[in-house]
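# Chains, contacts and geometry: an overview
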Amino acid sequence: MSAAPESARGVDLKLGRWALAILPAVAVWLLPIPEGITPAGWRLLAVFIATILGSITRPMPGGAVVLLGVTAAAVTGALPVEQALRGYSDPVVWLVLAAFCISRSMISTGLGRRVALLFIRALGKNSLGLGYALVSTDWVLASAIPSNGARSGGILFPIARSIAETYDSRPGDTAKRLGAFLMILLYQCDVVVCAMFLTGQASNPLIAKLGQQTTGWTLDYSTWLLAALVPGLVSMLVVPWMLYKLYPPELKETPEASAFAARELDRMGPPSSRERIMLLVFGLVAVLWMTTAFHHVDYAVVALLGVAVLLLSGVLTWEEVITERSAWDVFIWYGGLVRLALALGEAGITRKFAERAGSLTTGWPWWIALTVLCLIYFFAHYGFASITAHATSMLTPFLLVVMVAGAPPHLALLLLAFLSNLCASLTHYGTTPGPIYFGAGYVSQATWWRLGLMVALVNLAIWTALGPLWWRVIGFW
């Protein structure tokens, strides 16, 4: 008897989510068109608003929402169909797709797991060292794997849970023995790792693309890494230690973790030929990405070259490529959002917003305007369940506003790019691994949010104080 009411509630919830996405867009559509904006550009703004709000409320999966947005842009005449679909030919979109395929092979060959176990065997004799070992694994893998969901869900989380259960630490009364500490630590440090690489998470190339459109500065792989290196390494050292003090595990010594890793490595045996090929491709791709300034081969070409080698060697099969659902999902929403966001800038919408919003900071010193707007941008992530939706809707307008206030464009771009990742610390839904680690049930939501806020404040202090000093030293602004 309760099935029908339950189903009706689900329908009502879905309709409510659609309403939250569509009604504001309809309201914008009906407003008078500002001077200097074409009717097509105004329709595009309405479509973009509906797409972003739909990505937040999620009446259906994000990729489907973006595909509907691209379709609506073409149907309404906001964009000609060839322009609406142009995002799917963007090299950055293919870079992300290829990198996801490489990450599939990293997991399927067992190389990712072997790297993690080697770190644990070396550093995992106590709980803090174990945390650093797992975080170091994430850092190494993020240099070429752009899916923090794949790194966490496919490699780190299963190992961390296995080790926790080895010490009889499970959700409930025994959670704080070890498991709760590992889950919160891995998530909070993954957020830092995401900020350190262009491939740290799937939205970073989009952030770099939007930044290039707005400032004219190309934030490529090596530039991103160099800028993030000093504040990122400081955060990676400080955050685990801080969590160890604020939320200590009951077990301080974990010799069994190191023994567990040694047993698992023995069970895996020596590296297979597939692992060796995967390691070669991993190194080749990472080195070529870091040295683009010397050989000028596009990042997407490098990634596709890596996929080609894996396919020719048989390490990656075509069946694995076409069944890599997360890669194709990212391809759909990423390509669509890239095009819609860039088209919005071409239509003059974001610049018009900046001109209006810039009047609010008229007369302010640029550093005060930059500080205030960065804080607003950062804490606005409480309202987002996606770094992509947050950056796509807010990065370009905020960049334009702080530039109008007189802030150095490169400094503003670096701050907002890194804060786009670091703000995910705040909640258990801030980025993809959040539901994975929180969903394990070791940590309550209240504790997660409390610790998340404290980590977020520490990261804010490190990246907004040390970061600009470091970027000044290396001549980035």
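Attention here is on the structure that accompanies the text. (Residues numbered from 1 in each chain as written. Predicted model: local features only at pLDDT ≥ 70, side-chain atom pairs only at ≥ 80, totals over all residues. Heavy atoms only, no water.)

Moving on, we get to the pattern of salt bridges. Evaluated as defined, the whole model comprises nine salt bridges. The salt bridge partner of Glu264 is Arg113, with a shortest N-O separation of 2.6 Å. Within this pair, whereas Glu264 is found in helix α12 (residues 255–268), its partner Arg113 is found in helix α6 (residues 111–123), the two being separated by 151 residues in sequence. For the salt bridge of Arg170 with Asp168, the shortest nitrogen-to-oxygen distance reads 2.4 Å. Residue classification places Arg170 among the partly exposed residues on the basis of a relative accessible area of 36%. The class of Asp168 is partly exposed, set by a relative accessible area of 39%. Three or more residues joined by partner-sharing salt bridges are found here, namely Arg113, Glu264 and Arg267. (Salt bridge = Lys/Arg side-chain N within 4 Å of Asp/Glu carboxyl O. Helix = DSSP H or I, 4+ residues; strand = E, 2+ residues; numbered from the N terminus. Buried < 20%, exposed > 50% of the residue type's maximum accessible area, 1.4 Å probe, protein only.)

Our focus in this paragraph is unusual backbone geometry. We note that Asp168 has phi near 55°; this positive angle belongs to a residue other than glycine. Relative to the assigned elements, Asp168 resides in the loop between α8 (148–166) and α9 (179–196). Located in the positive-phi region is His296, a residue other than glycine, with phi close to 60°. Tracing the backbone shows His296 in the loop between α14 (292–295) and α15 (299–313).

Turning our eyes to something else, we now look at the layout of surface pockets. Where empty space is left becomes clear once a probe the size of a water molecule has been rolled over the atoms. Of the voids in this model, the largest pocket is the one considered here, and its volume is about 750 Å³. Contributing to the lining of the largest pocket are 29 residues, with Arg58, Asp329, Val330, Trp333 and Thr432 lying nearest its centre. For the lining of the largest pocket, the elements supplying multiple residues, two or more each, are α3 (62–75), α8, α17 (325–346) and α20 (387–404). The element that contributes the greatest number of residues to the lining of the largest pocket is α17, accounting for six residues. (1 Å grid on protein atoms, 1.4 Å probe; cavity = no way out; pocket = protein on both sides within 12 Å on 5 of 7 lines; lining within 4 Å. Points joined across faces, edges and corners; volume = space filled by probe spheres on them.)

Interaxial distance between α9 and helix α23 (residues 445–473) falls to 11 Å at its minimum, and their mutual angle equals 30°. Here α9 is positioned roughly parallel relative to α23, judged by the angle of their axes. For the element pair α9 and α23, the recorded crossing hand is right-handed. Listed contacts from α23 to Met183, Ile184, Tyr187, Gln188, Val192, Ala195 and Met196 of α9 are Trp448, Leu451, Gly452, Val455, Asn459 and Trp463. (Axes fitted to C-alpha atoms, helices over the stretch in contact; angles between N-to-C directions. Parallel < 35°, antiparallel > 145°, perpendicular 65-115°, else oblique. Left-handed = near helix turned anticlockwise from the far one by under 90°. Contact = heavy atoms within 4.5 Å.)

Let us look at the packing of aromatic side chains. Applying the stated criterion across every chain yields a total of 15 aromatic pairs. An angle of 75° between the planes, with centres 5.1 Å apart, marks the rings of Phe378 and Phe379 as edge-to-face. Both rings, one in Phe418 and one in Trp471, keep their centres 5.7 Å apart while their planes meet at 40°; by these two values the pair is tilted. Within this pair, whereas Phe418 is found in helix α21 (residues 409–422), its partner Trp471 is found in helix α23, the two being separated by 53 residues in sequence. Grouping aromatic residues by their ring pairs yields a cluster made of Tyr88, Trp94, Trp328 and Phe331. In this structure, Arg472 is placed above the aromatic ring of Trp477, and the distance from its NZ or CZ to the ring centre is 4.5 Å. (Phe/Tyr/Trp six-rings, centres within 6.5 Å; stacked < 30°, edge-to-face > 60°. Lys NZ or Arg CZ within 6 Å of the ring centre and 35° of its normal.)

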